[in-house]
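# Coordinates in review
Here are the chains, one letter per residue:
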Amino acid sequence: MDLIPSFSVDHNLIVPGIYESRVDEVGGEKVTTYDIRVTTPNKEPAVDVAAMHTLEHIIATYLRNDPDWKDEVIYWGPMGCLTGFYLILKGNRATKDIHGLLLNAFRSVKDSETVPGSNPENCGNCLMHNLPMAKWYAAKFADYLEANADNEKIFVYPRTERLVTDDGRQFFDS
């Protein structure tokens, strides 16, 4: 089987940032999946699962209510490795073009006094939320995005280099 694109990213070199994971065409329209990496994989602890769940609720609500972006948002959700989120938007914008949106989304968490949609009728695990920790992670990431707005490294994936066999297949040593 072919290696999926997200597994071709060198997770030893990636830093927190905003990356283009993939671009697909759906019904003749481009749809882009962005990797919003909040922590450094394999070097920092993963985001606390309850805080991640809370960030998912708050930021999804923010994105789907932002007057300039709400019609562009298809999906916002956590990565399985708990080091960040995936954002799927209509179209194909450069990662720098969504920097302001994400900075504002993460900054908005500080004003949250409750977690939207966290009651039993709306949430499949309503007891697994941690608003204070979500605020801490959001503030840390927003400060980082702001401080690194001109740093190309937070916008371009570091790719793994793989040997290619004579017949065009990628070689994997494990």
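Structure first, text after, so check above.
Residues numbered from 1 in each chain as written. Predicted model: local features only at pLDDT ≥ 70, side-chain atom pairs only at ≥ 80, totals over all residues. Heavy atoms only, no water.

## A short note on the overall build of the protein
On a plain count of helices and strands, the protein comes out with three helices and four strands. Going residue by residue from the N terminus, the α and β elements of the protein occur as β-β-α-β-β-α-α. Going through the 174 residues of the protein one by one, you find that 41% of them count as buried. Contacts spanning at least 24 positions in sequence make up 66% of the contacts within the protein whose residues lie at least 6 apart. (Helix = DSSP H or I, 4+ residues; strand = E, 2+ residues; numbered from the N terminus. Buried < 20%, exposed > 50% of the residue type's maximum accessible area, 1.4 Å probe, protein only. Contact = heavy atoms within 4.5 Å.)

## Focus on the packing of helix α1 (residues 49-65) against helix α3 (residues 131-147)
Where α1 meets α3, the closest approach of the two axes is 8 Å, and the angle between their N-to-C directions is 75°. One finds that α1 runs roughly perpendicular with respect to α3. Together, Ala51, Thr54, Leu55 and Ile58 of α1 and Leu131, Met133, Ala134, Tyr137 and Ala138 of α3 make up the contact between the two elements. Considered class by class, the residues forming the contact of α1 with α3 number eight nonpolar, one polar and no charged. (Axes fitted to C-alpha atoms, helices over the stretch in contact; angles between N-to-C directions. Parallel < 35°, antiparallel > 145°, perpendicular 65-115°, else oblique. Nonpolar A, V, L, I, M, F, W, Y, C, P; charged D, E, K, R; others polar.)

## As for α3
The terminal C-alpha atoms of α3 lie 24 Å apart, and with 17 residues this matches the ideal 24 Å at 1.5 Å per residue to within 8%. Among all positions of α3, only Leu131, Ala134, Tyr137, Ala138, Phe141, Ala142 and Leu145 are buried. Buried residues of α3, seen end-on, are gathered within an arc of 130° and therefore sit on one face of the element. Away from the buried face of α3 by more than 90 degrees, exposed residues Pro132 and Ala147 are located. Looking at where α3 begins, the residue whose side-chain oxygen comes 3.1 Å from the main-chain nitrogen of methionine 133 is asparagine 130. (Expected span 1.5 Å × (residues − 1). Arc of directions from axis to C-beta. Polar contact = N/O pair within 3.5 Å; in protein donor to acceptor, adjacent residues only side chain to side chain.)

## As for the environment of asparagine 148
Within the secondary structure, asparagine 148 sits in the segment after α3. The spacing of asparagine 148 and glycine 17 is 131 residues in sequence and 8.8 Å in space, taken between C-alpha atoms. Ignoring sequence-local partners within four residues, the contact set of asparagine 148 consists of Ile154 and Phe155.

## Let's talk about the environment of proline 158
Counting through the fold element by element, proline 158 comes out in the segment after α3. What makes proline 158 buried here is its relative accessible area of 17%. Residues proline 158 and asparagine 12, spaced 146 residues apart in sequence, show a C-alpha to C-alpha distance of 8.8 Å. If we ignore the near neighbours within four places in the chain, the residues touching proline 158 are Ser8, Val9, Asp10, Leu13 and Ile14.

## Focus on the sheet that holds strand β2 (residues 29-37)
Spatial ordering of the open sheet is given by β1-β2-β4-β3, a layout of four strands whose pairing is antiparallel. Each edge of the open sheet carries a strand with a single partner, namely β1 (17-26) and β3 (73-78). Going from strand to strand, the sheet's axes swing by 15° on average, the running direction of each strand aside. Note: β3 against strand β4 (residues 84-90), five bridges, orientation antiparallel. In the sheet register, tryptophan 76 faces β4, and the bridge partner there is leucine 87. (Pairing = 2+ DSSP bridges.)

## A word on α1
Counted at 1.5 Å a residue, the expected span for α1 with its 17 residues is 24 Å, and the 24 Å between its end C-alpha atoms agrees. Of the positions making up α1, those classed as buried are Ala50, Ala51, Met52, His53, Thr54, Leu55, His57, Ile58, Ile59, Ala60 and Leu63. Those residues of α1 that are buried lie in contact with β3, β4, α2 (99-108) and α3. Measuring from the backbone nitrogen of alanine 50 back to the side-chain oxygen at the start of α1 gives 3.3 Å, which picks out aspartate 48 as the cap.

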